[in-house]
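# Architecture at a glance
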Amino acid sequence: LHLALRRVDLVNLRFDDVRDGRIVSAIRKTETDAREIDATSVDFPLHPDVQRVIAEARRSSLRVGRCPFIVHRAPERRTKRAADALAAGRLEHPAQVTPDYASKAFKRMRNKARRDADAFDGLENRQLPTLHEIRALSSHLYARAGFDVSAVQDLMAHTDPDMTRAYQKGHA
């Protein structure tokens, strides 16, 4: 909710993207765009909640061989698929999370919250939020908090304010 990043940008955030209490990172318009700093980038202060998550991720990173990615996981086992992805350069580290894995993990945790904490009471399965819908909710909440559309547009790395407005609709 605080970051409003696309899943590809979220899973590609690195510890070295955190500078002086800010996230400064190149963003990707697609999952295949090159990670170049001259591309569109985000630069915004980190909320204390996000700072705490990053601090825990740094500790966790040490347990998985110093993974450079903030979002990472401890693989249960080494698979041929992961080894092939590493060899081909699609992954940089064995603990790196792919965008698809992030979506699936989000769905698992959302469903666990629904089961164990009675979250999402009254919603049908088709109404449960996806990881991408959390991005849209974030945009809506920033607007409701009084942030100008241009500030939210920058945060979401949209080139068009109308795209940002489209994300902000339908969340009340």
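Everything below is about the structure shown above.
Residues numbered from 1 in each chain as written. Predicted model: local features only at pLDDT ≥ 70, side-chain atom pairs only at ≥ 80, totals over all residues. Heavy atoms only, no water.

### Quick word on the overall build of the protein
Rules: Here a helix means four or more residues in a row that DSSP labels H or I, a strand means two or more in a row labelled E, and each is numbered from the N terminus. Computation of the radius of gyration draws on C-alpha atoms alone. For the globule rule, the value is 2.2 Å times the number of residues to the power 0.38. Contacts are assigned to residue pairs with any non-hydrogen atoms lying within 4.5 Å of each other.
Looking only at helices and strands, the protein has seven helices and three strands in total. Reading the helices (α) and strands (β) of the protein from amino to carboxyl end gives α-β-β-β-α-α-α-α-α-α. Against the 2.2 N^0.38 benchmark of 16 Å for 172 residues, the protein shows a C-alpha radius of gyration of 17 Å, consistent with a compact globule. Look at the contacts in the protein between residues 6 or more apart in sequence, and 51% of them connect residues 24 or more apart.

### A look at helix H5 (residues 131-144)
Quick note on the threshold: To estimate the expected span of a helix, count its residues, drop one, and scale the result by 1.5 Å. Each residue is assigned to one of three classes by its accessible area relative to the maximum for its type, calculated with a 1.4 Å probe on protein chains only: buried under 20%, partly exposed between the two thresholds, exposed over 50%.
If you check H5, its first and last C-alpha atoms are 20 Å apart, about what 14 residues at 1.5 Å a residue would give, namely 20 Å. Among all positions in H5, only Leu131, Ile134, Arg135, Ala136, Ser138, Ser139, His140 and Tyr142 are buried. On its buried side, H5 packs onto helix H1 (7-11), helix H4 (99-117), helix H6 (149-156) and helix H7 (161-168). Remark: Gly146 follows H5 within two positions and exhibits a positive phi of approximately 100 degrees.

### Quick notes on H4
Defined as follows: For this quantity, the arc is that covered by the directions from the helix axis to the C-beta atoms.
With 19 residues, H4 ought to run about 27 Å at 1.5 Å a step, and its terminal C-alpha atoms sit 26 Å apart, in line with that. For H4, the complete set of buried residues consists of Pro99, Ala102, Ala105 and Arg110. Seen end-on, H4 carries its buried residues on one side only, within an arc spanning 140 degrees. Of the exposed residues in H4, those oriented more than 90 degrees away from the buried face are Lys104, Arg115 and Asp116. The elements touched by buried residues of H4 are H1 and H5.

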